[in-house]
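Residue-level listing of the chains:
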Amino acid sequence: MDINERAKHYAEGKVLEALTSAVEQAYIKGYEAGYADGLNCNEVTNQGIVTIGGLEYVDLNLPSGTLWSKHYINSPEGPTLYLKYYEAAKLNIPTQSQFDELDKYCTKEIMVFKGNVCGVRYKSRESNAYLDLHYCTGFKDKEPIKLESFGFWLSSWGENNMKKAMIATIKGTIFEEVDVKFPVRVVSKSEIVE
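What you see is a predicted model; the values in this text were computed from it and never measured.

Scoring rules and cut-offs
Residues numbered from 1 in each chain as written. Predicted model: local features only at pLDDT ≥ 70, side-chain atom pairs only at ≥ 80, totals over all residues. Heavy atoms only, no water. Phe/Tyr/Trp six-rings, centres within 6.5 Å; stacked < 30°, edge-to-face > 60°. Helix = DSSP H or I, 4+ residues; strand = E, 2+ residues; numbered from the N terminus. Buried < 20%, exposed > 50% of the residue type's maximum accessible area, 1.4 Å probe, protein only. Arc of directions from axis to C-beta. Contact = heavy atoms within 4.5 Å. Pairing = 2+ DSSP bridges. Axes fitted to C-alpha atoms, helices over the stretch in contact; angles between N-to-C directions. Patch = residues over 30% accessible without salt bridge, like charges linked within 9 Å, V, L, I, M, F, W, Y side chains within 5 Å. Areas by Shrake-Rupley, 256 points an atom, 1.4 Å probe, with all protein chains shown as cover. Salt bridge = Lys/Arg side-chain N within 4 Å of Asp/Glu carboxyl O. Core = buried A, V, L, I, M, F, W, Y, C linked by side-chain atoms within 4.5 Å.

Enquirer: Please give an account of the packing of aromatic side chains that cites residues and values.
Expert: Counted under the stated rule, the structure contains eight aromatic pairs. Ring geometry for Tyr82 and Phe139: centres 5.2 Å apart, planes at 80°, overall edge-to-face. Of this pair, Tyr82 sits in strand 4 (residues 82-83) while Phe139 sits in strand 8 (residues 136-140), and the two are 57 residues apart along the sequence. Accessibility expressed as a relative area gives 25% for Tyr82, which makes it partly exposed.

Enquirer: Could you give an account of helix 3 (residues 96-105), with specific residues and numbers?
Expert: Those residues of helix 3 not exposed but buried are Gln98, Phe99, Glu101 and Leu102. All buried residues of helix 3 project into a common sector of 150° when viewed along the axis, lining one side. Opposite its buried face, helix 3 presents the exposed residues Ser97 and Lys104, each directed more than 90 degrees away.

Enquirer: Explain the environment of Tyr122 to me, using residue names and the numbers behind them.
Expert: With respect to the helices and strands, Tyr122 occurs in strand 6 (residues 116-124). Along the chain, Tyr122 and Tyr105 lie 17 residues apart, while their C-alpha atoms are 9.1 Å from each other. In contact with Tyr122, not counting residues within four places along its chain, are Leu60, Phe99, Leu102, Asp103, Cys106, Thr107, Lys108, Ala129, Tyr130, Leu131, Leu133 and Phe150.

Enquirer: Explain the sheet that holds strand 12 (residues 172-177) to me, and be specific about the residues and the numbers.
Expert: Reading across from one edge, 10-11-12 is the order of the three strands in this open sheet, with antiparallel pairing throughout. Taken across any chain shown, the strands that pair with only one partner, and hence form the sheet edges, are strand 10 (152-153) and strand 12. By the bridge criterion, two bridges tie strand 10 to strand 11 (residues 164-169) in an arrangement that is antiparallel. When the bridges of strand 11 are listed, Trp153 appears paired with Ile167.

Enquirer: Residues and numbers for the sheet that holds strand 1 (residues 49-52), please.
Expert: Spatially, the four strands line up as an open sheet ordered 1-2-3-14, and their pairing is antiparallel. Bordering the open sheet on either side are strand 1 and strand 14 (187-189), each of which pairs with just one other strand. The average undirected angle you get between the axes of adjacent strands in this sheet is 40°. The pairing of strand 1 with strand 2 (residues 55-59) spans four bridges and is antiparallel. By the bridge assignment for strand 2, Ile52 is matched with Leu55. Each of strand 3 (66-69) and strand 14 touches helix 3; the most contacted strand, strand 3, lies at about 95° to it.

Enquirer: Just give me the short version of a nonpolar patch on the surface, but keep the residues and values in it.
Expert: A contiguous nonpolar surface patch, about 240 Å² in accessible area, is contributed by Ile110, Val112 and Val117. When its relative accessible area of 45% is taken as the criterion, Ile110 is described as partly exposed.

Enquirer: Quick rundown of the pairing of strand 5 (residues 106-113)? Include the residues and the values.
Expert: Sheet analysis places strand 5 next to strand 6, joined by eight bridges and oriented antiparallel. In the sheet register, Lys108 faces strand 6, and the bridge partner there is Tyr122. The hairpin formed by strand 5 and strand 6 contains two residues between the paired strands, and Lys114 there has a positive phi angle of roughly 50°.

Enquirer: An account of the nonpolar core is needed here, citing residue identities and associated values.
Expert: A general feature of soluble globular proteins is that nonpolar side chains tend to end up buried together. Residues Leu60, Trp68, Phe99, Leu102, Tyr122, Phe150 and Phe152 are the most contacted members of the largest nonpolar core, which totals 39 residues. For this core, the secondary structure elements donating two or more residues are strand 2, strand 3, helix 2 (85-88), helix 3, strand 6, strand 7 (130-134), strand 10 and strand 11. Beyond its immediate chain neighbours, meaning those up to four positions away, Leu102 contacts Leu60, Leu62, Trp68, Tyr122 and Leu131.

Enquirer: Could you give an account of the environment of Ser188, with specific residues and numbers?
Expert: Among the structural elements, Ser188 can be located in strand 14. Between the alpha carbons of Ser188 and Ser69 there is a distance of 7.9 Å; along the sequence they are 119 residues apart. Once residues lying within four places of it in the same chain are set aside, the contact partners of Ser188 are Ile52, Tyr57, Gly65, Thr66, Leu67 and Asn92.

Written out as structure tokens, the structure reads:
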């Protein structure tokens, strides 16, 4: 191979690398934009946002004073933190009664993005506050578990011999193996409870 052929071969390799990198970056930006659009489907001004310790919560005017985290908890590696039950239970995850309170005191709307159901919105009956629970996937041994619903851990210490723990879904609460990873929602209490 002479110098001209080597230069041509080298240049073709560099062009291929540059194009590959550009396409990868475009894909990542497109995925992130689609994810952000999905988070914002059915978006209207949420007037129930409260910030506590740097985390945004939604005040739905629930009788218990429970505030729900606006989003699933973020992960340092990506947009959403997925944890097994025992890891999630160390955080202030909601209880079944707190989840049941959403059904009792809020109205539910199905959220649609580009013709597909993407979640459920719980709207306060007393204000313009709402909580969006986006559909998600769980993971067991890195294999996805499709829920066709939202799904997050609920505090259920001492129940079911701790081989399984409760998750919240659109159909209510169900038990799932504790080693499955789900996104994490946390709750807090409002300062004023009537």
